[in-house]
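As a plain string of letters, each chain reads:
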Amino acid sequence: MKGLDAMKISTKGRYALRMMCDLAMNDTGAAIPLKDIAKNQDISVKYLEQIVILLSRAGFVKSVRGAQGGYKLTNPPKYYTIGMILSKCKLNGDKKFPFLSDYFVYFADVGRNVFR
């Protein structure tokens, strides 16, 4: 876009977005084990453990314990935007991207169109 600087998203931010997309694309109502997300996204489980804490504290994901445990979204995928996730999880440090609060890229759309 002319007049706008390219937005740089941290590695942790990109991985958080990928995790949220994976949860959205595989949303069957059942919890998804972290090891499955790690395998799908080719990200280490240890790294995802750090990210899931941020997403959980922000209220985006919830954990399910037990043999069928894992993580799932707290709301339908259409609820989430990229700006919401990066801002609430503070995944880009002090960098502010005011246009992101109005930048409605929903994960249901991202899953269908980008991460195939």
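Further up the page is the structure itself.
Residues numbered from 1 in each chain as written. Predicted model: local features only at pLDDT ≥ 70, side-chain atom pairs only at ≥ 80, totals over all residues. Heavy atoms only, no water.

A. Representation of the overall build of the protein in the model. Secondary structure assignment for the protein yields five helices and two strands. The linear arrangement of helices and strands in the protein, starting from the amino end, is α-α-α-β-β-α-α. Here the protein holds 116 residues, and the buried ones make up 35% of them. Total accessible area computed for the protein in this model is approximately 7400 Å², and 52% of it derives from carbon and sulfur atoms. (Helix = DSSP H or I, 4+ residues; strand = E, 2+ residues; numbered from the N terminus. Buried < 20%, exposed > 50% of the residue type's maximum accessible area, 1.4 Å probe, protein only. Areas by Shrake-Rupley, 256 points an atom, 1.4 Å probe, with all protein chains shown as cover.)

B. Inspection of the pattern of salt bridges at higher detail. One pass over the full model with this rule turns up one salt bridge. A salt bridge links K35 to D36, with the shortest nitrogen-to-oxygen separation between them at 3.7 Å. By relative accessible area, K35 is classed as exposed at 58%. (Salt bridge = Lys/Arg side-chain N within 4 Å of Asp/Glu carboxyl O.)

C. Quick look at unusual backbone geometry. For D42, which is not glycine, the phi dihedral falls at a positive 55°. On the secondary structure map, D42 appears in the loop between α2 (34-41) and α3 (45-57). Accessibility expressed as a relative area gives 71% for D42, which makes it exposed.

D. A look at the nonpolar core. Formed by 23 residues in total, the largest nonpolar core has its most connected members in M19, M20, L48, L55, F60 and V61. At six residues, helix α1 (residues 11-25) tops the list of elements feeding residues into this core. Setting aside residues no more than four positions away along its own chain, V61 makes contact with M20, L23, V52, L55, S56, Y71, K72, L73 and T74. (Core = buried A, V, L, I, M, F, W, Y, C linked by side-chain atoms within 4.5 Å. Contact = heavy atoms within 4.5 Å.)

E. View of the packing of α2 against α3. It is the contact of α2 with α3, at a shortest axis distance of 9 Å, that shows an interaxial angle of 115°. Here α2 lies roughly perpendicular to α3, going by the angle between them. Of the two possible hands of crossing, α2 and α3 adopt the one that is right-handed. Contact residues: α2 offers L34, K35, I37 and A38, while α3 offers V45, L48 and E49. (Axes fitted to C-alpha atoms, helices over the stretch in contact; angles between N-to-C directions. Parallel < 35°, antiparallel > 145°, perpendicular 65-115°, else oblique. Left-handed = near helix turned anticlockwise from the far one by under 90°.)

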